[in-house]
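In case you want the letters, here they are:
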Amino acid sequence: MVIDGSKGVEAQTIKLFQVCVMRGIPIFTFINKMDREARDPFELMDEIENVLGIRTCPVNWPIGCGKNFKGVYDRNTKKITTFTAAMGGQKEVASETFDLEGTDVVSIIGADYHRGNLSPVFFGSALTNFGVETFLQHFLKMTTSPLARKTKTGTVDPFQEDFSAFVFKIQANMNKAHRDRIAFMRIVSGKFEAGMEVNHIQGGKRLRLSQPQQMMAQDRKIVEEAYAGDIIGVFDPGIFSIGDTLCSSSEKFEFEGIPTFAPEHFARVRQMDTMKRKQFLKGVSQIAQEGAIQIFQEFNTGMEEIIVGVVGELQFEVLTYRLENEYNVEVKLEKLPYEYIRWIGNKEEVDVEKIQGTSDMKRIKDLKDNPLLLFVNSWSVGMVLERNPGLVLENFGRN
């Protein structure tokens, strides 16, 4: 979890944090930009505890901030790593008497960190590479080996021999010259070998994983083998979706879905040139499959009207730019007043058309025909729950 030293906990951080809590993910915190004007370290940690509800434990400590930023103190080594501009950005380590209670941070934090009840906090500056090394060293000490992952029927242990993985990201047009599409998957168990055949559970087919690759920044390399915990990218001809399960065993299973963030900004999107309807639908659908945006339709209609939902308004700009540059489609966005969206948790038991709503409620559906409700005001959510006993509304969907 990266916190801006001057802004503190932001709205997007809260949303991401909620997903981590929901999935029981331990959290490291890095408070960044301490080489600029920043808030008091105690104030920042206090805000993390009050807003996010998780205890904090500082592993290092900033000595000054902004123009007076001298470096960071490591409570394990009891030394300050200083930075002097006159030395061209080099580091020098000086012994100091400055101290924080306790030196063995790993034993202090212990099981509370792994349960997600406490977050170790690191201060530094990513731009000047300050505090980053300490962060990485402790990350290696405190993180676990790959953990078991839940399926809809049980769990899969990372030490099982049979290969299994799930798709968590899709990226189209990484190479504009080839219009390629890469599906990124995390290996949960077993050994991956290039060209191996696996079961694609959601697609109901057996397929060969071709062109496996790993990436570091702009560099790609072909992967011949990989193991539990590794991430690989494979060529996607348009058959994968986020959350898909792949396995080599004869016993087929499906991993639990990946949480979908609730959008907070909505707009109708239309192509300017009606002759480019095909490119428009292809572009919007592919970008939505990547998870960059979410697209919805009016309830009981087709793709005549497309509603786009995003977490941050900048994503609208990304959408229009990519549609124009990658699909040669110019679009017009009409902002909508809705700010709250809820998934219907017991959709099998509810007739969506008979839900007693409010004047600001709108019925929509996603690409998988899941029914959802949009609201302008937060109080309307509670009103609809009161009017419809037994209705279950959820803040997160699942891929």
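To start, this report covers the structure provided alongside it. Not measured: the values here are computed from a predicted model.

For the rest of this paragraph, the subject is the sheet that holds strand β28 (residues 371–375). Pairing is antiparallel in the open sheet, where eight strands are placed in the order β25-β22-β24-β23-β27-β28-β26-β29. Both edges of this open sheet fall to β25 (331–336) and β29 (393–394), since each of them pairs with a single strand only. Where helix α5 (residues 277–289) meets the sheet, it contacts β22 (265–271), β23 (294–298), β24 (306–310) and β25, and its direction lies at approximately 150 degrees from that of β22. Packing against the sheet, helix α7 (residues 378–387) makes contact with β26 (340–344), β28 and β29, and its axis sits at approximately 130 degrees to β28.

Any two packed helices are characterised by how steeply their axes cross, that is the angle between the axes, and by the distance between the axes. The contact between α5 and helix α6 (residues 314–326) brings their axes to 10 Å, and the two run at 135 degrees. By the criterion of interaxial angle, the relationship of α5 to α6 is oblique. Considering only the axes of α5 and α6, their crossing is right-handed. Contacts between α5 and α6 involve Phe280, Gly283, Val284 and Ile287 on the former and, on the latter, Leu319, Arg322 and Leu323. Split by residue class, the contact of α5 with α6 holds five nonpolar, one polar and one charged.

Below, the discussion takes up the environment of Phe261. With respect to the helices and strands, the residue Phe261 is situated in the loop between β21 (259–260) and β22. For Phe261, a relative accessible area of 26% gives the class partly exposed. Each C-alpha atom of the pair Phe261 and Asn395 lies 8.1 Å from the other, and the pair is 134 residues apart in sequence. When near neighbours in sequence (up to four residues on either side) are disregarded, Phe261 contacts Lys15, Leu16, Val19, Gln294, Val311, Trp343 and Phe396.

The next subject is the sheet that holds strand β3 (residues 55–58). Sheet strands pair by backbone hydrogen bonding; their relative direction is either parallel or antiparallel. Reading across the sheet, the four strands line up as β1-β2-β8-β3 and stay open at both edges, with parallel pairing between neighbours. Both edges of this open sheet fall to β1 (2–4) and β3, since each of them pairs with a single strand only. Strand after strand, the sheet turns through a mean of 30 degrees between neighbouring axes, direction not considered. With three bridges joining them, strand β2 (residues 29–32) and strand β8 (residues 118–123) adopt parallel strand pairing. Paired with Phe30 across the two strands is Phe122, which belongs to β8. Sheet strands in contact with helix α2 (residues 41–52) are β1, β2, β3 and β8, and its direction is about 150 degrees off that of β3.

About the criteria used
- Residues numbered from 1 in each chain as written.
- Predicted model: local features only at pLDDT ≥ 70, side-chain atom pairs only at ≥ 80, totals over all residues.
- Heavy atoms only, no water.
- Pairing = 2+ DSSP bridges.
- Helix = DSSP H or I, 4+ residues; strand = E, 2+ residues; numbered from the N terminus.
- Contact = heavy atoms within 4.5 Å.
- Axes fitted to C-alpha atoms, helices over the stretch in contact; angles between N-to-C directions.
- Parallel < 35°, antiparallel > 145°, perpendicular 65-115°, else oblique.
- Left-handed = near helix turned anticlockwise from the far one by under 90°.
- Nonpolar A, V, L, I, M, F, W, Y, C, P; charged D, E, K, R; others polar.
- Buried < 20%, exposed > 50% of the residue type's maximum accessible area, 1.4 Å probe, protein only.

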